[in-house]
Amino acid sequence: MSAKRIDGKTAAAAVRERVAKGVAEFERRTGRPPGLATVLVGEDPASAVYVRSKNKATAEAGMASFAHNLPDTTSEEELLQLVITLNADQMVDGILVQLPLPGQIDSARVIETVEPSKDVDGFHPVNAGRLATGLPSLVPCTPYGCLHLLKAELGSIAGLSAVVVGRSNIVGKPMAQLLLGENATVTIAHSKTRDLPEVVRRADIVVAAVGRAEMVRGDWIQSGATVIDVGINRIPTDDGKGRLVGDVAYDEAAQVAGAITPVPGGVGPMTIAMLMRNTLVAAHRRAGLGDPEGL
Ligand SMILES: NC(=O)c1ccc[n+]([C@@H]2O[C@H](COP(=O)([O-])OP(=O)(O)OC[C@H]3O[C@@H](n4cnc5c(N)ncnc54)[C@H](OP(=O)(O)O)[C@@H]3O)[C@@H](O)[C@H]2O)c1
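This write-up is about the structure you can find in this document. No experiment lies behind these values; they were computed from the predicted model shown.

### Here we look at the sheet that holds strand β2 (residues 35-41)
In space, the 3 strands of this open sheet follow the order β3-β2-β4, with parallel pairing throughout. In this open sheet, the two edge strands, each paired with only one partner strand, are β3 (64-70) and β4 (94-97). Strand-to-strand twist in this sheet, taken as the mean axis angle between neighbours without regard to direction, amounts to 15°. Alignment of β2 against β4, held across 4 bridges, turns out to be parallel. Within the sheet, the bridge partner assigned to V39 lies in β4 and is V97. Packing against the sheet, helix α10 (residues 267-286) makes contact with β2 and β4, and its axis sits at approximately 125° to β2.

### Digging into the site of the ligand
The ligand sits among 22 residues. The nearest are R167, S168, S191, R212 and T271. In this structure, T271 approaches the ligand through a side-chain N or O atom, which is 2.8 Å from an oxygen atom. Relative to its unbound accessible area of 930 Å², the ligand is 70% covered by the protein chains. For the shell around the ligand, the class distribution of residues is 10 nonpolar, 10 polar and 2 charged.

### Quick notes on the environment of M175
Considering the arrangement of structural elements, one finds M175 in helix α7 (residues 172-181). Since its relative accessible area comes to 0%, M175 is described here as buried.

### Some remarks on the nonpolar core
With 49 residues, the main nonpolar core has V19, M175, L179, V207, I228 and M276 as its most contacted residues. With 11 residues, the single largest contributor to this core is α10. Contacts of M276, omitting those with residues within four sequence positions, involve V19, L36, K54, A57, T58 and M63. A189, A203, V216 and W220 belong to the second largest nonpolar core, which has 20 residues in total.

What counts as what
Residues numbered from 1 in each chain as written. Predicted model: local features only at pLDDT ≥ 70, side-chain atom pairs only at ≥ 80, totals over all residues. Heavy atoms only, no water. Pairing = 2+ DSSP bridges. Helix = DSSP H or I, 4+ residues; strand = E, 2+ residues; numbered from the N terminus. Axes fitted to C-alpha atoms, helices over the stretch in contact; angles between N-to-C directions. Contact = heavy atoms within 4.5 Å. Near = heavy atom within 4 Å. Polar contact = N/O pair within 3.5 Å; in protein donor to acceptor, adjacent residues only side chain to side chain. Areas by Shrake-Rupley, 256 points an atom, 1.4 Å probe, with all protein chains shown as cover. Nonpolar A, V, L, I, M, F, W, Y, C, P; charged D, E, K, R; others polar. Buried < 20%, exposed > 50% of the residue type's maximum accessible area, 1.4 Å probe, protein only. Core = buried A, V, L, I, M, F, W, Y, C linked by side-chain atoms within 4.5 Å.

In short, geometric facts, not functional conclusions.
Take a look at the structure:
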């Protein structure tokens, strides 16, 4: 069997196109575009690439983009002051502080300072709590993108057995909440899970968010399962450039799975598309409008 390759790029382009239409409509109704502020502290190359692509996508969607690049010597107080200023800025609907932050800054304090209605990353405890209790919230972009791909692939996932490998606040836990919200039967696995291959073998849906290159092997996958690979790991190559791989051994897993996301080109593009979607939703809610339809 050879699995269907789930094309995240095409799915993300469709979401971004719908967002762009929603942005134009929002501007027509309110007289201003939705705005996203990004905050990058320091010069971590991967973070800089992510933030640049987020700013580019924001502009392409027709939204206002406010980029704040701070030196890695920035103090926690300075960063908190910037967040407080952005919280009060009426042109800013979404605030994204790129993680990880330099060691002198407590990320949890920064996340808790972002106004929940502008928390387009969905990391604020208020949004995490609302998601967990089934209330409307801003949902973390990566797991939301994964859910979008799963629903496009499977339709209803009610009653299916889903295993999420990884329990971070930004991917694993909200992913599990979203799957539970869709009535899947959810298992969350982590570094202390016993006999992980056996646990994964029971899954109709596998979401791998671990950060370990190709850890999930082909013989862990149930025949016909749907596999969503969140991992982004750079492994060395002979030419010195390195190569991106996921947390799943793609070639092996594709022999047994029913459908699988590639890395790159799977979950990654969906993360940015969902950030655009969240910013548009935040703008609507802040303007007292109903949520945009079809997103
Ligand atoms: N595609 C995207 O847009 C996107 C977005 C975000 C993240 N990512 C990628 O997704 C991956 C996960 O990110 P993250 O932020 O969630 O990572 P993280 O915060 O480091 O969490 C990793 C999780 O994996 C678990 N884990 C580690 N080793 C394990 C093992 N041997 N067996 C089972 N579980 C194990 C950890 O368990 P414990 O809790 O027990 O330590 C932890 O819960 C990374 O590769 C990251 O680059 C991609």
